[in-house]
Amino acid sequence: MKIQNLAFFQNRDTTKTEVQVYGTPYHCAQAELIERYKKLSLEDFLEQEARHGIGNYAIVDFNHLTTRVITSTAYCGGYFYEDSTGVRVGTTLKSVLPEKPIFDEFGLCFFLTPHPKTAFSQMPLSTVFKNVYRIPPASVFEFTEGVKTNSYLYLSYGRRTAPPVSFEDALWEVAQKMSDSFKEKNIKPILFFSGGADCLVLYLALAHLMGKDNIRVITMQTLGKRSKSNGHERAVPVARNCGMKIEILPDNSLTSPNVAKLVASMMSKDMIGSVSPHLALEDCDANVPIIHGQNMDAVALNTMDAIQFNLEKGYLTDAILPKVNEKTELKQYKAFINNLVNTAEFLSETEFQKTSAKSFAKQFGGIPDPEPGGKGIIRGLLTSQYPNVLPYPKRPASHCKMLDAANREVELYKDFVNEIDLAGQRTADVARFCTYSAIASKRLTTFSISSGSRPELLAMSGPITSYFIGKKKSMLEASQPKREIYDFIKKMTGKNYSELVVQNSEDRILLDELDISVRNEDKLLTDYSANLKVDKLKILDCIEDERIKSNITKLFEEKIGKAPGFERQILNLELLLLSHQEDSEFTNPNQNVKKKTP
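Residues numbered from 1 in each chain as written. Predicted model: local features only at pLDDT ≥ 70, side-chain atom pairs only at ≥ 80, totals over all residues. Heavy atoms only, no water.

1. Describing the pattern of salt bridges
Thinking step 1. Under the definition given, this model contains 27 salt bridges.
Thinking step 2. Put simply, arginine 408 and aspartate 104 hold a salt bridge, and the shortest N to O gap is 3.2 Å. One end of the pair, arginine 408, is in helix 14 (residues 399-416); the other, aspartate 104, is in the loop between helix 3 (93-96) and helix 4 (105-111), and 304 residues separate them in sequence.
Thinking step 3. Look at arginine 408 and you get partly exposed, because its relative accessible area is 38%.
Thinking step 4. Residue lysine 375 is joined to glutamate 411 by a salt bridge in which the shortest nitrogen-to-oxygen separation is 3.7 Å. (Salt bridge = Lys/Arg side-chain N within 4 Å of Asp/Glu carboxyl O. Helix = DSSP H or I, 4+ residues; strand = E, 2+ residues; numbered from the N terminus. Buried < 20%, exposed > 50% of the residue type's maximum accessible area, 1.4 Å probe, protein only.)

2. Quick look at the pairing of strand 11 (residues 216-220)
Within a regular beta strand, the side chains point alternately toward one face of the sheet and then the other, so they alternate between its two faces.
Thinking step 1. Judged by how many residues are buried, strand 11 sits mostly within the fold: five of five residues are covered.
Thinking step 2. What you see with strand 11 is no split at all: Arg216, Ile218 and Met220 on one side and Val217 and Thr219 on the other are buried throughout.
Thinking step 3. With helix 6 (residues 197-210) bridging strand 10 (residues 190-192) and its parallel neighbour strand 11, the resulting β-α-β unit is right-handed.
Thinking step 4. In this structure, strand 11 lies alongside strand 12 (residues 246-249), joined through four bridges in parallel fashion. Directly across from threonine 219, in strand 12, lies its bridge partner isoleucine 248. (Right-handed = clockwise from strand over helix to strand, strands pointing away. Pairing = 2+ DSSP bridges.)

3. Focus on the packing of helix 13 (residues 375-383) against helix 15 (residues 425-445)
Thinking step 1. At their nearest, the axes of helix 13 and helix 15 sit 9 Å apart, and the two run at 30° to each other. As judged from the angle between their axes, helix 13 and helix 15 are roughly parallel. Judged by the twist between their axes, the crossing of helix 13 over helix 15 is right-handed. Packed against helix 13, whose contacting residues are Ile377, Ile378, Leu381 and Leu382, the element helix 15 presents Thr427, Ala428, Ala431 and Thr435 at the interface.
Thinking step 2. A class-by-class count of the residues in the contact of helix 13 with helix 15 yields six nonpolar, two polar and no charged. (Axes fitted to C-alpha atoms, helices over the stretch in contact; angles between N-to-C directions. Parallel < 35°, antiparallel > 145°, perpendicular 65-115°, else oblique. Left-handed = near helix turned anticlockwise from the far one by under 90°. Contact = heavy atoms within 4.5 Å. Nonpolar A, V, L, I, M, F, W, Y, C, P; charged D, E, K, R; others polar.)

4. Quick word on the packing of helix 1 (residues 30-39) against helix 2 (residues 42-52)
Thinking step 1. For the pair helix 1 and helix 2, the least separation of the axes is 7 Å and the interaxial angle reads 140°. Across the interface between the two elements, Leu33, Arg36 and Tyr37 from helix 1 touch Leu42, Phe45, Gln48 and Glu49 from helix 2.
Thinking step 2. Class assignment for the residues of the contact of helix 1 with helix 2 results in four nonpolar, one polar and two charged.

5. A short note on helix 10 (residues 326-340)
Within an α-helix, residues lying three or four positions from one another point in the same direction, as the helix has 3.6 residues per turn.
Thinking step 1. Relative to the 21 Å expected for 15 residues at 1.5 Å per residue, helix 10 spans 22 Å between its end C-alpha atoms, a close match to the ideal helical length.
Thinking step 2. Of the positions making up helix 10, those classed as buried are Thr328, Gln332, Ala335, Phe336, Asn338, Asn339 and Leu340.
Thinking step 3. For helix 10, the secondary structure elements touched by its buried residues are helix 11 (344-347), helix 12 (350-364) and helix 17 (475-479).
Thinking step 4. The N-cap residue of helix 10 is asparagine 325: its side-chain oxygen and the backbone nitrogen of lysine 327 are 3.2 Å apart. (Expected span 1.5 Å × (residues − 1). Polar contact = N/O pair within 3.5 Å; in protein donor to acceptor, adjacent residues only side chain to side chain.)

6. Quick word on unusual backbone geometry
Thinking step 1. Phi at asparagine 131 is positive, roughly 65°, even though this residue is not glycine.
Thinking step 2. Along the chain, asparagine 131 falls in the loop between helix 4 and strand 7 (132-135).

7. Looking at the nonpolar core
Nonpolar side chains in soluble globular proteins tend to end up buried together.
Thinking step 1. The biggest cluster of nonpolar side chains holds 104 residues, and the ones touching the most others in it are Leu200 and Tyr497.
Thinking step 2. If you tally residues by element for this core, the top one is helix 6, at 11 residues.
Thinking step 3. Sequence-distant contacts of tyrosine 497, defined by excluding residues within four places in its chain, comprise Gly195, Gly196, Ala197, Leu200, Arg234, Val238, Leu311, Glu312, Tyr486 and Ile489.
Thinking step 4. In this structure, Phe129, Val263, Val288 and Leu555 belong to the second largest nonpolar core, which totals 55 residues. (Core = buried A, V, L, I, M, F, W, Y, C linked by side-chain atoms within 4.5 Å.)

Below, the structure is given as structure tokens:
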């Protein structure tokens with residue numbers, strides 16, 4: 001068996017008995033982590049990892065008979081492929097693909113049909129390929145003589161000991177360990193700063209421990225309707241109010257030839273986030289860890305809506321309602337109702353779920369699950385991110401096939417998670433962690449840019465996940481979903497976040513001087529347009545069902561050339577298959593092979 005993890009791509013000789021760490025733990029040195037693993041019982045070790053682990057890494061225990069893979073809570077995620085010939089395990093999808101990969105019909109259809117909440121559209125354990133499965137963060141997988149014999153999520157172990165008493169305590173624990181590691185290695189990290197509350201709390205904690213001058217803060221220029229909610233328009237006043245020195249760089253992640261080449265290289269190995277702003281650092285001199293606020297909302301809020309307009313003010317409160325128009329007031333009601341489905345009260349009240357299923361499904365843009373409560377909650381959380389709500393089945397999937405496939409995934413998922421993860425508040429929190437959080441981390445943190453910089457998602461660390469996941473969410477959280485995050489900002493700055501984002505005349509002058517041009521060209525799609533010719537797509541060669549192939553061909557003909565986001569998804573799969581074919585020189589499974597003339 002071969003183990004390839006993160007970007008190291010090292011082949012390990014399993015005739016040796018050893019324990020290897022792939023990646024970077026920040027809460028202790030690699031040697032110390034291995035020593036703990038050898039000294040403690042497995043349960044005690046996992047308990048420590050779930051509660052205190054920080055960093056994107058995996059521990060692999062090689063043994064003559066059994067290989068055990070333990071992934072950290074912030075691990076980017078991996079894969080394994082299993083068939084009659086044995087098993088392959090790795091961090092990248094390409095490293096585990098069989099010689100002749102075949103698409104799982106539902107997996108591919110679901111991938112091509114964004115569900116209501118996000119565009120990730122991928123299951124927590126299955127992939128778009130048959131017999132290829134995910135290895136999520138915070139998990140244990142054991143393989144004996146070429147067969148997977150055991151797998152489970154150990155996230156719940158973090159609450160066997162006392163979790164942090166507050167978000168503030170969890171944040172300080174993470175920041176202290178990161179700060180100690182940076183100081184020891186003489187590293188000046190980059191903090192990717194959008195101006196939002198999530199990355200601001202990371203900056204405030206690290207700057208307090210390391211000093212402001214020891215953190216390089218970078219903000220990307222943003223365009224379009226989101227520019228005033230997250231980006232330079234908000235980052236500039238927040239930086240001024242916090243005494244933060246920021247570099248404002250153009251977001252050239254779509255226009256740079258270097259970035260296009262980098263993204264194509266990543267796509268040839270795995271499914272990635274091809275428009276992540278940090279990719280623009282490919283044209284800079286960055287060669288240090290990139291601290292990133294991604295996934296803080298997903299871990300802290302589950303799928304609760306946090307309206308940018310409100311900031312720290314609660315929905316439908318006296319601090320908001322007297323100041324808003326009818327349209328904004330309606331948004332308050334909608335967000336509050338949305339958030340109720342993630343509270344402990346809703347998740348434990350099956351009868352209410354049954355009577356309100358149609359209403360919530362309509363509000364969330366899906367269809368009601370036929371079996372609210374129990375399986376319906378999990379099916380909805382895995383497919384749409386909302387309990388008891390399924391995404392609309394679009395061509396070529398059908399409602400019945402979607403239910404069958406979702407049931408298959410539910411059974412895999414129930415066998416994988418701890419029994420405590422299938423009850424109460426943890427049901428929603430753990431499902432969100434295993435879907436959106438894990439896949440967002442996968443797309444963002446699997447690869448470094450050319451200089452070696454790689455994003456670190458501190459929200460996925462043991463202290464923060466063990467605090468938020470399973471923490472009861474009440475009506476208060478439904479009204480003020482980011483209350484603790486905003487409280488920390490006020491404690492550290494003496495001001496409410498809503499005061500920090502207010503621009504003054506100096507901010508406006510600086511912002512007006514920025515050279516912001518509309519990005520007309522998508523360099524990646526331009527440079528690799530030859531790979532998006534429908535009649536030449538390798539994706540179609542890996543679909544066995546002719547009806548599915550026909551329907552997907554029609555879908556491609558409708559979308560390619562008209563939907564850039566969709567095109568990038570297809571290009572990712574296409575470059576992955578092309579690279580795999582070039583390396584293995586296999587004949588596509590449905591390709592007609594001409595017989596030689598005698």
